[in-house]
Amino acid sequence: MPANENSIQSKMFLRDTYCENMTKTKYNKAFKKTGLGVFYGLVCTTLIACGAAPTKKTEAQIQATLDEQTTFTAASWASRADASDITVSWLSTFNDAKLNSLVSEAQANNRNLLAAAASVENAQALARQAGAALLPTVGLGVDADRSGSRNSNISPIDGRSVNLQTSWEIDLWGRIRNNQRAAVNSAKAAQADFRSAQQSLAATTAQSYFALIESNRQIQTAAENVKILEEISRIVNVQYKNGIVSAQDIALTRSDMASAREQLINLQGAQRNAARALEVLLGRYPSAELNAGLVLPPPPAAPPAGIPSELLERRPDLVAAERRVAAAFNQREVARVARLPSLSLTGVIGGSSTSLSDVLSPANTTWRLGASLLASVFDGGSAKAQFDSATANQKQTLADYGQSALTAFNEVETALDQGSVLKQRQEQLVIVEREAAEAYRIATLRYQEGEINLLDVLSIQQRLINAQSNLVTVNRLLLDQRVGLHLALGGDW
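What you see is a predicted model, and the numbers here were worked out from it, not measured in a lab.

Thresholds, definitions, all that
- Residues numbered from 1 in each chain as written.
- Predicted model: local features only at pLDDT ≥ 70, side-chain atom pairs only at ≥ 80, totals over all residues.
- Heavy atoms only, no water.
- Helix = DSSP H or I, 4+ residues; strand = E, 2+ residues; numbered from the N terminus.
- Buried < 20%, exposed > 50% of the residue type's maximum accessible area, 1.4 Å probe, protein only.
- Areas by Shrake-Rupley, 256 points an atom, 1.4 Å probe, with all protein chains shown as cover.
- Patch = residues over 30% accessible without salt bridge, like charges linked within 9 Å, V, L, I, M, F, W, Y side chains within 5 Å.
- Salt bridge = Lys/Arg side-chain N within 4 Å of Asp/Glu carboxyl O.
- Expected span 1.5 Å × (residues − 1).
- Arc of directions from axis to C-beta.
- Contact = heavy atoms within 4.5 Å.
- Polar contact = N/O pair within 3.5 Å; in protein donor to acceptor, adjacent residues only side chain to side chain.

Some thoughts on the overall build of the chain
Helix and strand counts for the chain come out as 11 helices and four strands. In the chain, which comprises 493 residues, the share counted as buried stands at 39%. Element-wise, carbon and sulfur atoms account for 53% of the exposed surface of the chain, whose accessible area totals about 26,600 Å².

Below is the structure:
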C-alpha cells in the first residue's frame, strides 16, 4: 500500500464504502446469478478493497464448497402471494395482545438485554475515545513553589507559574484514523448484537408463552381424562356389585385412573416450570403465577423467504459479523503502519514570577514550539508479531463471517422445511382426532350394550387422549416454527 496520504485516503474510502454500503454493492458478474455466490462476491469485494484479494485457488475452493442457490430450496411450499412483509412487525401477525404485552415487558426488564445495552454504551464510548486521538490535547498547569537556603541571611523565594501545553500527533500514515474506524465498526457490531439480542429475546418470549399455553391445554385434557376414568370406575363398581363385570375390570379401571392422575401431576409440574421460565425472561421473580390462558393463536401466514443473499443485509448477527470483518481490516492497517515513524508537535506558552499577579505579565511570558520524529529501531520483533496477529485475526473474522452466513442459510432452510412437515402432520392429526373421537363414541355405546369389554373401551379412549395431546403439541410447534422462521430471516418489529 503506498505511503502517501492521497493513496491512503483513496483506499480507506474504498474500504469504508464497502463497509457502509455492503448490501448495496452490485453483484460481481461471475456470481450474479447465485445466492451464495453473491455472499462470496461481497467477501471478495472486501478483500480487494483492502488489498488482500484471495488467490484463484482459494476462490475455486470456496466456490466448490458453496452450492449456487437463487432461492431457498425449501421455500417452494410457501405461497408468497399471501405472505406477510418481512419488514413489518411480525409479532402483530399473531393477533395476540397478551403476547405483545409480554414481549414489551421482556424488552424493558430482561437482565441479559440490559447487559447487552450496556455493552453498546461501552463500545460507543471506546469509539469516541479513539476518535479523540485525532485532535490536539491541551493542558493547563499551575505551579507554586518555595525555595531557600540554609543560610539564615537569605529569605525564601516564592515562585508561581502558569503554563498552557498542547501536543498533537500528526496522523501521517492513517494509524489513528484506522484505529478510530476499527472502534466505530466494533461499536456498530455491538449495536447489531444488541438488535440480535432483542429479536432473540422476543422470539424466546413468544415461544415460552406458547409453551405455557400448551401446558395449560395438556393439563385440561389430562384433567378431563381423569374425570372420564372416575366415571367409568363408578359405573364398573356398580356393574361389579350386580355381577356384570369381574374383579379384573375393577383393577383395570383403578390402574388407569392412577396412571391418569400421575400424568396430570407431571403436567402440572411442567406447567409451573414453563411459567417460571417465562417469568425469568420478563425480569420477574419466578413464582409460577403467570397465567397465559388456554387458547393458542392461529399460525400467521409465512413471511417471504426471499433469496439467501438478502440475509446478509437483514440479519443483525450477520451485520455484526460483517462489521467485525471491517474492524479487523482497520486493525491490520493500524498494525502495519505502527512500524513507520511517528511525528508529534508540541507547544508550551506560560509565565513565571515570584508574584501571582505578575505571572501573566508579557515580560515574564515564555513560549516553546517543538517537533519530534520517532522511529522504532529495534523492538525485538514486537511490531511484526502484532502485525501477524492482526492478519490472523482478519482471516479469522472472514472465516467466521462465511460460517455465520452458511449457518443462517441452514437455519432458514430448516425452518422452511419444518413448516412444511408440521403443516402436513397437523392435517393428519386432525383426521386422527376426529376419527378417534367417533370410535370412542361408538365404543362407549357398544360397551353400555354389553357388546365389547371395558379393556377395548379404555384402549380406544387412550388413543383419543393421545391424538388430542399430539394435536395440541403440533399446533404449538407450528407457532414456534413461525417465530423461528422470522428470527432466521432477520425479521424486525
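There is more to say, and it comes next.
What about a nonpolar patch on the surface?
Among the surface-exposed residues, V138, L140, V142, L164, I349, W367 and L369 lie close enough to one another that they form a single nonpolar patch of about 820 Å² accessible area. Going through the elements one at a time, β1 (137–147) and β4 (365–374) are the ones with two or more residues in the nonpolar patch. For the nonpolar patch, the leading source of residues is β1, giving three residues. Among the structural elements, W367 can be located in strand β4.

Focus on helix α4 (residues 97–109)
Over its 13 residues, α4 runs 18 Å from end to end, which matches the ideal 18 Å to within 8%, given 1.5 Å per residue. Among the residues of α4, L99, L102, V103, E105 and A106 are the ones counted as buried. Buried residues along α4 cover an arc of 160 degrees about the axis, so they all sit on one side. Contacts made by the buried residues of α4 are with α6 (175–241) and α7 (247–281). N-cap assignment for α4: the residue whose side-chain oxygen lies 3.0 Å from the backbone N of K98 is D96.

Let's talk about the pattern of salt bridges
Enumeration according to the criterion identifies 16 salt bridges in this entry. A salt bridge links E169 to R175, with the nearest nitrogen and oxygen atoms 2.8 Å apart. Judged by its relative accessible area of 28%, R175 is partly exposed. The salt bridge partner of R323 is E322, with a shortest N-O separation of 2.8 Å. Among the residues examined, E322 registers a relative accessible area of 5% and is labelled buried.

All quantities given are derived from atomic positions and should not be read as evidence of function.
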